[in-house]
Structure formats: C-alpha cells, structure tokens
Amino acid sequence: MHERKTNGAEPPAVIGLMALAHVAGDADLGPRFLALSGLDVATLRERAGDPVVLAAVVDFLTGREADLVACADAIGVKPAALVAAGAALAEGRA
C-alpha cells in the first residue's frame, strides 16, 4: 500500500477520503466495508465525497482497533485525528 504522510492540518473530508482510499484499496477491508454498509462499488464511487459515507468509513475502521491504527499509519495521521475527522464528518463539520 502506498504510504502518504500528511502535514496534520487536513480537513476532515480529506482525511475521510484518504481513509476511503485505504479501505477501498485493501483486499480484506474493501469487500467487508461494502458488505457491512450495503453499498455497491458503483454507489460508493458515486458518493465518495459524501460526508455521511466518509463518516461511515471511519466508523467502520473504529470497529477494529487494528484496522483503525493501520489506516491512520498508512495515511499519516494519528488514530485520534482519524476518529475526530469521522466525528466531524458525522456532525456535518467537514
């Protein structure tokens, strides 16, 4: 997986998009997210910028600490920043 380091000041929507890219690019996480969310690939592509979908991605990652930590590491943010971005997205503060 391509590792991207951030400067720590990305808006929640950017962090959410990076998390989505991480999940979508992972052979285990991608299919699991689609199955649990009820989304199909076409709908996910269509709604990729939707804060509700991005919040759902972060929520999905918080379901397993190992997934959350691995994603945060891969996109170059602290796990707490990823969780905070998900909360902001869920609250419409993207």
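Residues numbered from 1 in each chain as written. Predicted model: local features only at pLDDT ≥ 70, side-chain atom pairs only at ≥ 80, totals over all residues. Heavy atoms only, no water.

A. Spotlight on the side chain of Asp-67. Structurally, Asp-67 is set in helix 5 (residues 65–75). Filtering out sequence-adjacent residues up to four positions away, Asp-67 remains in contact with Leu-29, Arg-32 and Leu-61. (Helix = DSSP H or I, 4+ residues; strand = E, 2+ residues; numbered from the N terminus. Contact = heavy atoms within 4.5 Å.)

B. Quick look at the packing of helix 5 against helix 6 (residues 79–90). Two elements in contact, helix 5 and helix 6, have axes separated by 8 Å at closest approach and are oriented at 100°. Taken as axis vectors, helix 5 and helix 6 run roughly perpendicular relative to one another. Contacts from Leu-68, Val-69, Cys-71, Ala-72 and Ile-75 in helix 5 reach Pro-79, Leu-82 and Val-83 in helix 6. The residue makeup of the contact of helix 5 with helix 6, split by class, is eight nonpolar, no polar and no charged. (Axes fitted to C-alpha atoms, helices over the stretch in contact; angles between N-to-C directions. Parallel < 35°, antiparallel > 145°, perpendicular 65-115°, else oblique. Nonpolar A, V, L, I, M, F, W, Y, C, P; charged D, E, K, R; others polar.)

C. Expanded view of the pattern of salt bridges. For the coordinates displayed, the defined rule picks out four salt bridges. Residue Asp-50 pairs with Arg-47 through a salt bridge whose shortest N-O separation is 2.8 Å. When its relative accessible area of 22% is taken as the criterion, Asp-50 is described as partly exposed. Under the relative-accessibility criterion, Arg-47 is labelled partly exposed at 30%. A salt bridge links Asp-67 to Arg-64; its shortest N-O distance comes to 3.7 Å. (Salt bridge = Lys/Arg side-chain N within 4 Å of Asp/Glu carboxyl O. Buried < 20%, exposed > 50% of the residue type's maximum accessible area, 1.4 Å probe, protein only.)

By themselves, these are just geometric observations and shouldn't be taken as functional.
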